[in-house]
Amino acid sequence: MALKNKAGRYGSVTKFFHWSVALLFAFQFIGANLMTRLGRGDIALGFDSDAWYNGHKSIGLVLLLLVIGRYAWRRTTPLLRWHDALTPVERTIASRLEAALYVFMFALPVSGYLFVMAGGYGIDLFGLYPLPNPVGKRDGWSTLAWVAHVTLAYGALVAIAWHVGLMIRKQAFERTGLIDRMLPFKR
């Protein structure tokens, strides 16, 4: 498989960034819903609430690094031409969805970081290294960042649903093969 995008197929680097970010964001949504429902001392899947929160924060920083890498790769690697199966309206929607998803991919980890740092919660990176807090405790900032983080999460869910819905419609109902361009193991 080629590293760079080729005519009609995304390259392995593009696919790596797409699927690693997609899977980690899915894990973050599931983990966030789980951790916010756990009480102090409760265990879920072998981890207590503190471990879930710390994992969520640590993976959020990993996601931010992946998204920066993904964006840099996106800006320096030629895109595929539009698939013939996409109508002009669908192309406009896809283009706007991509822009919105990049905003969400950047803003979610940043707002989460600001929330935990301004709230004085801190980040113990994967339980190995406590990160310094360059923000300091600022309750007003923390509240604003938390509201932004939750609002952005719901906005991201809507954008992701549109993206996935378009792909499912094109694959399952129209049989266009559009999704084959991004599948990791499809030849």
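Note that the structure is a prediction, hence the values are computed from the model and not measured. (Residues numbered from 1 in each chain as written. Predicted model: local features only at pLDDT ≥ 70, side-chain atom pairs only at ≥ 80, totals over all residues. Heavy atoms only, no water.)

1. Focus: the pattern of salt bridges
To keep it simple, the criterion reads: Here, a salt bridge means any side-chain nitrogen of Lys or Arg that lies within 4 Å of a carboxyl oxygen of Asp or Glu. Helix and strand definitions follow DSSP, with helices as H or I runs of at least four residues and strands as E runs of at least two, each counted in order from the N terminus. Accessible area is worked out with a 1.4 Å probe on protein chains only. A residue is then buried under 20% of its type maximum, exposed over 50%, and partly exposed in between.
In the structure shown here, the tally under the stated rule is 8 salt bridges. Put simply, Glu-90 and Lys-170 hold a salt bridge, and the shortest N to O gap is 2.9 Å. Residue Glu-90 is found in helix α3 (residues 88-118), and its partner Lys-170 is found in helix α4 (residues 139-173); the two are separated by 80 residues along the sequence. For the residue pair Glu-90 and Lys-170, the accessibility class agrees, reading buried in each case. Notably, a salt bridge pairs Arg-169 with Glu-174, separated by 3.1 Å at the nearest N-O pair. Judged by its relative accessible area of 34%, Arg-169 is partly exposed. Here the residues in one salt-bridge network are Glu-90, Arg-169, Lys-170 and Glu-174, joined through shared partners.

2. Re a nonpolar patch on the surface
Cut-off, in case you're wondering: Patch definition: residues with relative accessible area over 30% and no salt bridge; like charges joined within 9 Å; nonpolar side chains (Val, Leu, Ile, Met, Phe, Trp, Tyr) joined within 5 Å. The Shrake-Rupley method, run with a 1.4 Å probe sphere, supplies the accessible areas, and residue values consider only the shown protein chains as cover.
A surface patch of nonpolar side chains, amounting to about 440 Å² of accessible area, comprises Val-62, Phe-126, Leu-128 and Tyr-129. Note on placement: Tyr-129 falls in strand β4 (residues 129-130). Of the residues examined, Tyr-129 reaches a relative accessible area of 48% and is grouped as partly exposed.

3. Here's the deal with the packing of helix α2 (residues 49-76) against α3
The packing of two helices is summarised by the inter-axis angle and the distance between the axes. As a reminder, the rule being used: Note on definitions: angles span 0 to 180 degrees between N-to-C directions of axes, and those axes are lines fitted to C-alpha atoms, for helices only across the stretch in contact. What makes a crossing left-handed is the near helix being turned counterclockwise from the far one by less than a right angle; a clockwise turn instead makes it right-handed. Whether two residues are in contact is decided by their heavy atoms: any pair within 4.5 Å suffices. Only Asp, Glu, Lys and Arg are considered charged, only Ala, Val, Leu, Ile, Met, Phe, Trp, Tyr, Cys and Pro nonpolar, and every remaining residue, Gly among them, polar.
Following both chains from N to C, one finds α2 and α3 inclined at 145 degrees, their axes separated by 9 Å at the closest point. Judged by the twist between their axes, the crossing of α2 over α3 is left-handed. Together, Lys-57, Gly-60, Leu-61, Leu-64, Val-67, Ile-68, Arg-70, Tyr-71 and Arg-74 of α2 and Glu-98, Tyr-102, Met-105, Phe-106, Pro-109, Val-110, Tyr-113 and Val-116 of α3 make up the contact between the two elements. Split by residue class, the contact of α2 with α3 holds 12 nonpolar, 1 polar and 4 charged.

4. As for the nonpolar core
This is how it is decided: We call a set of buried residues a nonpolar core when its members are Ala, Val, Leu, Ile, Met, Phe, Trp, Tyr or Cys and they connect through side-chain atoms within 4.5 Å of each other.
Counting residues in hydrophobic clusters, the biggest one holds 18 residues, and the most contacted among them are Val-21, Phe-25, Phe-104, Met-105 and Leu-108. Counting residues per element, the ones that place at least two in this core are α1 (12-35), α2, α3 and α4. Considering each element in turn, this core owes the most residues, 6 residues, to α3. If sequence neighbours within four positions are ignored, Met-105 has contacts with Val-21, Phe-25, Val-67 and Arg-70. Membership of the second largest hydrophobic core comes to 8 residues, among which are Leu-61, Val-116, Ile-123 and Ala-145.

5. Quick word on α4
Condition: Any helix carries an expected span of 1.5 Å times its number of residues minus one.
In this model, α4 (35 residues) spans 50 Å end to end at C-alpha, consistent with the 51 Å of a helix rising 1.5 Å per residue. Of all the residues in α4, the buried ones are Ser-142, Ala-145, His-149, Leu-152, Ala-153, Ala-156, Ala-159, Leu-166, Met-167 and Lys-170. Along its buried surface, α4 packs onto α1, α2 and α3. Arg-175 occupies a position one or two residues after α4 and carries a positive phi of about 50 degrees.

6. Here we look at the side chain of His-149
As a reminder of what qualifies: Under this definition, polar contacts are N or O atom pairs within 3.5 Å; protein pairs additionally need one hydrogen-donor-capable and one acceptor-capable atom, and for neighbouring residues in sequence, both atoms have to be side-chain atoms.
Mapped onto the elements, His-149 comes out in helix α4. For His-149, a relative accessible area of 19% corresponds to the buried category. Here the side chain of His-149 touches Gly-112 through a polar contact of 3.2 Å, landing on its backbone nitrogen. In contact with His-149, other than residues within four places in its own chain, are His-56, Leu-108, Ser-111 and Gly-112.

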